[in-house]
Amino acid sequence: MRRHNTDQVNISSGELKELRRVYDQLCYFSEKAKSMKRLQEIENTLAGYPSFVTMKQVESCQLQYRRESVLEEMEEYQKISLELGSERAELEKMLETIETRPLQHIRLKDTAAALKSLGMKPSKREVQEMVWEVNDNLDGVIDWDMFRDAFVRK
């Protein structure tokens, strides 16, 4: 097992890899969470439509009013599918942009959003204190080195 020395404390490669995964997840968490929530809403909307029948099945419909109803539903689904598909592509592109920003860090609102997603309701002051404990240069954000060093200290 390869170990990395950080301030005279050994961290295994596995621990470092997992720590980096958590850090990457927390960077810009609030933005990613909003985008992911909207993507889920889109998926749920599209899943709410029945799986559509083929045109051959529509033509074989015995009742004219049922055939027209199915055709209307198909047209509505196609329209919504195009609109939501376009929005989904934009959201996925936004998520990719967030993930590939050259400067990654965890902000106060990311910490608050992550805690909220875990069912916690910390006050603004509590979140500030959490970040303050880790934020060595007091710029209000946590970079990778600070995050890793906080893990080593604990």
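Just so you know, these numbers come straight off a predicted model, no measurement behind them. (Residues numbered from 1 in each chain as written. Predicted model: local features only at pLDDT ≥ 70, side-chain atom pairs only at ≥ 80, totals over all residues. Heavy atoms only, no water.)

Enquirer: I would appreciate a short explanation of the packing of aromatic side chains in the present structure.
Expert: By convention here, two paired aromatic rings are described through the distance between centres and the angle between planes. Within this structure, the stated rule accounts for two aromatic pairs. Ring geometry for Y23 versus F147: centroids 5.3 Å apart, planes at 50°, classification tilted. On the criterion of sequence distance, the pair formed by Y23 in helix α1 (residues 13-26) and F147 in helix α7 (residues 144-153) is long-range, its members being 124 residues apart. By way of ring pairs, the aromatic residues Y23, W144 and F147 are connected into one cluster. Looking at R101, its charged tip hangs above the ring of Y28, at a distance of 4.3 Å from the centre. (Phe/Tyr/Trp six-rings, centres within 6.5 Å; stacked < 30°, edge-to-face > 60°. Helix = DSSP H or I, 4+ residues; strand = E, 2+ residues; numbered from the N terminus. Lys NZ or Arg CZ within 6 Å of the ring centre and 35° of its normal.)

Enquirer: What should I look at first to understand α1 in this one?
Expert: For an α-helix, the turn length of 3.6 residues means that residues three or four places apart are oriented alike. Over its 14 residues, α1 runs 20 Å from end to end, which matches the ideal 20 Å to within 8%, given 1.5 Å per residue. Of all the positions in α1, only L16, L19 and Y23 are classed as buried. Relative to the axis of α1, the buried residues are bounded by an arc of 65° and lie together on one face. Positive phi appears at Y28, one or two residues downstream of α1, with a value of about 55°. (Expected span 1.5 Å × (residues − 1). Buried < 20%, exposed > 50% of the residue type's maximum accessible area, 1.4 Å probe, protein only. Arc of directions from axis to C-beta.)

Enquirer: Looking at this structure, I do not really get unusual backbone geometry. What am I missing?
Expert: Trans peptide bonds make up the majority, and among non-glycine residues the majority have a negative phi. Positive phi, close to 55°, is recorded for Y28, a residue that is not glycine. Following the sequence through the fold, Y28 ends up in the loop between α1 and α2 (29-47). Despite not being glycine, L138 has its phi angle at roughly 60°, a positive value. Looking at the element boundaries, L138 is found in the loop between α6 (124-134) and β4 (141-142). Overall, the relative accessible area of 58% leaves L138 in the exposed class.

Enquirer: Any chance you could explain the environment of E73 here in plain terms?
Expert: Within the secondary structure layout, E73 lies in helix α4 (residues 64-99). With a relative accessible area of 30%, E73 lands in the partly exposed category. Sequence-wise, E73 and Y49 are 24 residues apart; in three dimensions their C-alpha atoms are separated by 8.6 Å.

Enquirer: Is there a simple way to think about α6 in this case?
Expert: Three or more residues of α6 are buried, namely V127, V131 and V134. The buried side chains of α6 occupy one side of the element, clustering within an arc of 60° when seen end-on. Exposed positions of α6 whose direction lies more than 90 degrees from the buried face are R125, W132 and E133. In this fold, the buried residues of α6 make contact with α5 (108-117), β4 and α7. (Contact = heavy atoms within 4.5 Å.)

In short, shape yes, function no, at least from these values alone.
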